[in-house]
Amino acid sequence: MNGPGGVVPEPPTVKVLDSCPVEDITSQYDMCMVLPLKDGKLEPNKGQNYVAKLLELDLDVYIYNSLYHDVAFVLVRASDERLKRCADYYNFKMLLDPEVARSFAMRGSEGIAPFDIEHIESITPYGPYESIYTNYSTNVSEDLYWRPEGETSPFRRAVRLKLMTIMIQERPNGRENIKIARYLKTGSMLGYFPLHDHGHKAALSREWLYWPTNYLSPKQLMRGILPWAQPMQAVREYFGEKVALFFNFFAHYLYWLIFPAVICIPVQINRWYASETSEPGIGDEITGARLGVLLYALCVSIWCGFMLEFWKRRCADVALEWGMIGFEENEADRPDFKGKMLERSHIDGLPHMHFPAAQRSARQMLTSLAVFLAISTVSALVAGIYVLKFVALGHDSSMQAVVSVFNAVQIQITNAAYRFVAHELTKHENYRTETQHEDALILKLFAFQFINSYSSFFFLAFVAKYIANGCGPDGNGACVTNLAMNLAIIFGTRLATAQADAFVVPYLTTRVGWITKLVRGKERNLFSQRELGHSLVAPEIDFLLDRYDNEGTSIAKYGQLTLDFGYTALFSAALPISSLLAFGAGCISLKSE
């Protein structure tokens, strides 16, 4: 069949076994698709179609059934020739080998005189031939492209997975593609994941996850103790750019959080010692404790600007080092993007999926109305909680703790519920690329979570003192006390929830067998297989791991860090010690992630 790059020289292969192979050959494959079986066979309109589409894409497929013949494991790989044609067709960016690039430059070519570029470290830490990415071409020697030491092909594991993702999501000859997310949601596909390279993963674990008692060198010691000294390049090579960028931001945030975490200690101690927690009124004496809080708030304001500006610089460095400059310009269509297939694009004459901009604008208006209603609802909930305080609980300032607990629970529940709503609304808007889709999703999530998480703080800081007894019988000075209590309970609840999500939930779902069986359907027979003494091979072991939602999980993690940053930047002056607590919880979370 014809495909990107020309005619396939050799047909793809498919091997089918009725049961698990004795010899585990899974290391020769890159991806795994888990499909349900009906009467021991793939369903004609579902599983069989998915496998047929893989074969249409010239991919090699290896299928075997589980011991109980209720699921089929479909292993997928691409030949080197298929990878080359795909990379050439899609202008896939590949990293040049610095030494080979330099030798090409010094040797010159027809019409180009030899040249060399001097590296001046005082100007830039990057060598003149480092971090150069160019479109892959089958017309040049493969020696030009970088490869890890010991490997003979530039198509290392990370590159193979990216290219295979492009292949599986493409629409061959304008036909329907494989919509992984939709099939996983409907249950017609039970799993889809890249197979772990367990040797590579073990090496990364040794380098990344060692705790101080296991370190053998100062470099390893630094990586274990200092949150910003992480093997980011190794993380990127194994887990991809999205995951690595998250850890880059997490490490950058913790590095800069040291400053408020340190200066908050004397400020908080002085405040406790002086027993001053109220805000000064007009004409009141500015005591040492109050002056310390004022200076702390000023420092945090300056700190915010520097932290964000230096993160922009770090993003620029990462984009250069990882070849992400111009990524959005050549980004492929989302698998779930819908539209009318045009035989010829008005731009390049190729088949093109078209969705009218006017139709998307109409959908955006409807989703914006839904987001506004959601924000209005959660604002009414917060207002109702404080009305309850004034009407039912009275104006006693001690009741603020009760109100804050209600507010903390409400924030966690509504944030979790709204995530599902935001995902569905964004899908309805039908964006072409993943970047456009994620940008729209982030905007919806941030708008809602900002109001939901911070509205009670803005009320206590700027509104309550203008309401009769709004801060309690102690007068306006108690507003800062209420604000500090609100921050301690809500921010503390968020940090505790994050730790529970990082430690308790994974333990219950992976270590306690009966809970895992309860929450997982088809997988229960794999547990029975293990209990009966039948060893599981790599795809089955990977299938039993918790599924990582690359879109939902990464955005949710960024959202949590953004909220933490907001609590510190906006309200930590009411409770300076919260910066230190945020730093400690962040260091633990970084390891747990």
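Everything here concerns the structure above.
This report concerns the structure included in the present document. (Residues numbered from 1 in each chain as written. Predicted model: local features only at pLDDT ≥ 70, side-chain atom pairs only at ≥ 80, totals over all residues. Heavy atoms only, no water.)

## Some points on the overall build of the chain
Then comes step 1: The secondary structure content of the chain amounts to 19 helices and 12 strands.
Then comes step 2: Per-residue burial for the chain yields a buried fraction of 44% across its 593 residues.
Then comes step 3: Counted over contacts in the chain with a minimum sequence separation of 6, partners at least 24 positions apart contribute 73%.
Then comes step 4: Of the roughly 31000 Å² that the chain leaves accessible, carbon and sulfur atoms contribute 62%. (Helix = DSSP H or I, 4+ residues; strand = E, 2+ residues; numbered from the N terminus. Buried < 20%, exposed > 50% of the residue type's maximum accessible area, 1.4 Å probe, protein only. Contact = heavy atoms within 4.5 Å. Areas by Shrake-Rupley, 256 points an atom, 1.4 Å probe, with all protein chains shown as cover.)

## Describing the nonpolar core
Then comes step 1: In terms of nonpolar packing, the biggest core is built from 59 residues, with F247, Y253 and Y567 touching the most fellow members.
Then comes step 2: By size, the runner-up hydrophobic cluster in this structure holds 38 residues, among which are Y50, L83, V159 and I168. (Core = buried A, V, L, I, M, F, W, Y, C linked by side-chain atoms within 4.5 Å.)

## Considerations on the packing of aromatic side chains
Then comes step 1: Applying the stated criterion to the full structure yields 30 aromatic pairs.
Then comes step 2: Relative to F543, the ring of F193 lies with its centre 6.4 Å away and its plane at 15 degrees, an arrangement referred to as stacked. With a gap of 350 residues between them, F193 in strand β10 (residues 191-194) and F543 in helix α17 (residues 538-543) connect regions that are remote in the sequence. For the pair F193 and F543, one class covers both residues: buried.
Then comes step 3: A centroid spacing of 5.4 Å and a plane angle of 80 degrees characterise the contact between F458 and F571, whose relative ring orientation is edge-to-face. (Phe/Tyr/Trp six-rings, centres within 6.5 Å; stacked < 30°, edge-to-face > 60°.)

## Focus: the environment of K185
Then comes step 1: Note that K185 resides in helix α5 (residues 180-186).
Then comes step 2: Ignoring anything within four residues of it in the chain, the contact list for K185 reads E424 and K427.
Then comes step 3: A distance of 3.0 Å separates the side chain of K185 from the side chain of E424, its partner in a polar contact. (Polar contact = N/O pair within 3.5 Å; in protein donor to acceptor, adjacent residues only side chain to side chain.)

## Let's talk about empty space enclosed by the protein
Then comes step 1: This model, assessed by the stated rule, comprises 3 cavities of 30 Å³ or more.
Then comes step 2: One number sums up the size of the largest cavity: a volume of about 180 Å³.
Then comes step 3: Along the walls of the largest cavity sit 18 residues, with F250, R494, L561, D564 and S589 positioned nearest its centre.
Then comes step 4: Of all elements in the fold, only α9 (241-274), α14 (478-510), α18 (550-571) and α19 (578-592) reach the threshold of two or more residues within the lining of the largest cavity. (1 Å grid on protein atoms, 1.4 Å probe; cavity = no way out; pocket = protein on both sides within 12 Å on 5 of 7 lines; lining within 4 Å. Points joined across faces, edges and corners; volume = space filled by probe spheres on them.)

## Quick word on the pattern of salt bridges
Then comes step 1: Under the counting rule described, the total for this entry stands at 18 salt bridges.
Then comes step 2: Where K312 meets E309, a salt bridge forms, and the shortest distance between an N and an O atom there is 3.2 Å. Note that K312 and E309 are positioned in helix α10 (residues 288-321) at a spacing of 3 residues, about one turn of the helix.
Then comes step 3: Judged by its relative accessible area of 54%, K312 is exposed.
Then comes step 4: For K427, the salt bridge is made with E424, and the minimal N-O distance between the two is 3.8 Å. Note that K427 and E424 are positioned in helix α12 (residues 400-429) at a spacing of 3 residues, about one turn of the helix.
Then comes step 5: In this structure E424 comes out as partly exposed when scored by relative accessible area, which is 28%. (Salt bridge = Lys/Arg side-chain N within 4 Å of Asp/Glu carboxyl O.)

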